[in-house]
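# Descriptive structure summary
Each chain, written out:
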Amino acid sequence: MRIDILGVGFDNLTSGQAVSWADGIIKSGGKSYIVTPNPEIVTIARRDESLRAILNSAGLVLPDGVGITIAARILGTPLCERIPGIDFASELLAGLSASSGSVFLLGAKPGVAEEAAKRLAQTYPELVVSGTADGYFQEDEPVIRMLNEARPDLLLVCLGAPKQEFWIAKNIEALDVRLCIGLGGALDVYAGAVKRAPAAFRKLGLEWLYRLAREPSRIKRMIKLPLFVMAAIMKRIRGIWQKGN
Ligand code: UDP
């Protein structure tokens, strides 16, 4: 059962359960995609019906930002865990490495995916990186051809949200790939170009604050967070008021 947060249904799973689900898709030779929306994306999806449909049609919808778990609590339907997309992907890559599975890295600026591949090979020695491509291509066709030659188990689509979600939804039918995940700036992190917040910040759900301190220009995007929380509060109040009438 999914938990509705302002129009987007989130899977209420532990990260272990989510990884098992993803493993199952890869091993059974199925095909699916996973999205990891944060409050910014849910805010866009509230106004954009097509994005909302894409998110809700995903095989798994994982709560990436702390704002999502806060909103879930405000709405009276708490989620059991916050699952940052990059942590989830790292667990999947570890599992793939153990079974010599393959991944394709798509996205970020030229050179970043290659550097990420080099570093991932050091962390996960048995992982097969079946290809890389930057995220600034003009046409989908050549990228799809490259992917279908590589036939990876897992495709990390890192074009930023919501571009990556639209790209996956448009192209998944044509792709010979088991599982796609939209992962935003994850390749920048895997390549070492962007540092993640220290563990203490992550534990406290303050990764966004660390990121803001390093990239103050993100304030324009983060300003949506209080509005998102306010929307959840208003929805809860309306729900309580309607019950009382
Ligand atoms: N990006 C891309 N193609 C584009 C636009 C962006 O590959 O047309 C990449 C960009 O280089 C960066 C990532 O998408 O690596 C977006 O990172 P950000 O941290 O903004 O992601 P989000 O906040 O959406 O997770």
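In the block above lies the structure referred to throughout.
We now turn to the structure provided with this report. Just so we're clear, the structure is a prediction, and the values are computed from it rather than from any experiment. (Residues numbered from 1 in each chain as written. Predicted model: local features only at pLDDT ≥ 70, side-chain atom pairs only at ≥ 80, totals over all residues. Heavy atoms only, no water.)

## Here we look at the packing of aromatic side chains
Scanning the model with the defined rule gives two aromatic pairs in all. Ring geometry for Phe137 versus Trp167: centroids 6.2 Å apart, planes at 70°, classification edge-to-face. Of this pair, Phe137 sits in the loop between strand 6 (128-133) and helix 7 (140-150) while Trp167 is found in helix 8 (residues 163-171), placing the two residues 30 residues apart along the sequence. A centroid spacing of 5.5 Å and a plane angle of 65° characterise the contact between Phe201 and Tyr210, whose relative ring orientation is edge-to-face. Accessibility expressed as a relative area gives 15% for Tyr210, which makes it buried. (Phe/Tyr/Trp six-rings, centres within 6.5 Å; stacked < 30°, edge-to-face > 60°. Helix = DSSP H or I, 4+ residues; strand = E, 2+ residues; numbered from the N terminus. Buried < 20%, exposed > 50% of the residue type's maximum accessible area, 1.4 Å probe, protein only.)

## Section: unusual backbone geometry
Between Ala161 and the following residue, Pro162, the backbone shows a cis peptide bond with an omega angle of 5°. Among the secondary structure elements, Pro162 is positioned in the loop between strand 7 (154-158) and helix 8. Even without glycine at this site, Ser100 takes up a positive phi of about 50°. Within the secondary structure, Ser100 sits in the loop between helix 5 (85-98) and strand 5 (102-107).

## Things to note about the site of the ligand
Close contacts around the ligand come from 16 residues, with Gly135, Lys163, Asp188, Arg211 and Arg221 the closest. Here Gly135 contributes a backbone N or O atom positioned 2.8 Å from a nitrogen atom of the ligand. Arg221 is positioned with one of its side-chain polar atoms (N or O) 2.7 Å from an oxygen atom of the ligand. Burial of the ligand by the surrounding chains reaches 79%, relative to a free accessible area of 550 Å². Of the residues assigned to the shell around the ligand, the class counts are five nonpolar, five polar and six charged. (Near = heavy atom within 4 Å. Polar contact = N/O pair within 3.5 Å; in protein donor to acceptor, adjacent residues only side chain to side chain. Areas by Shrake-Rupley, 256 points an atom, 1.4 Å probe, with all protein chains shown as cover. Nonpolar A, V, L, I, M, F, W, Y, C, P; charged D, E, K, R; others polar.)

## Re the packing of helix 7 against helix 8
Relative to each other, helix 7 and helix 8 sit at 70°, their axes nearing to 12 Å. In terms of their interaxial angle, helix 7 and helix 8 are classed as roughly perpendicular. Of the two possible hands of crossing, helix 7 and helix 8 adopt the one that is right-handed. On helix 8, the residues touching Asp140, Val143, Ile144 and Leu147 of helix 7 are Trp167, Lys170 and Asn171. A per-class count over the contact of helix 7 with helix 8 returns four nonpolar, one polar and two charged. (Axes fitted to C-alpha atoms, helices over the stretch in contact; angles between N-to-C directions. Parallel < 35°, antiparallel > 145°, perpendicular 65-115°, else oblique. Left-handed = near helix turned anticlockwise from the far one by under 90°. Contact = heavy atoms within 4.5 Å.)

## What to know about the pairing of strand 7
With five of its five residues buried, strand 7 lies for the most part within the structure. By the alternation rule, side chains of strand 7 split into Leu154, Leu156 and Cys158 and Leu155 and Val157, which are all buried. Where strand 5 meets strand 7, five bridges bridge the pair, whose relative direction is parallel. Among the inter-strand pairings, Val103 is bridged to a residue of strand 7, identified as Leu154. Two strands pair when backbone bridges link them, and strand 7 and strand 8 (residues 179-182) are joined in this way by four bridges, in the parallel orientation. Along strand 8, the bridge assignment pairs Leu156 with Ile181. Tracing the backbone out of strand 7, into helix 8 and back to the parallel element strand 8 gives a crossover that is right-handed. (Pairing = 2+ DSSP bridges. Right-handed = clockwise from strand over helix to strand, strands pointing away.)

## Some details on the packing of helix 1 (residues 15-28) against helix 5
Helix 5 packs onto helix 1 with a crossing angle of 50° between their chain directions and a minimal axis gap of 10 Å. Considering the angle they form, helix 1 stands oblique to helix 5. When the axes of helix 1 and helix 5 are compared, the crossing they make is right-handed. Taken together, the residues of helix 5 that come into contact with helix 1 (itself represented by Ser15, Ala18, Val19, Ala22, Asp23 and Ile26) are Phe88, Glu91, Leu92 and Leu96. A per-class count over the contact of helix 1 with helix 5 returns seven nonpolar, one polar and two charged.

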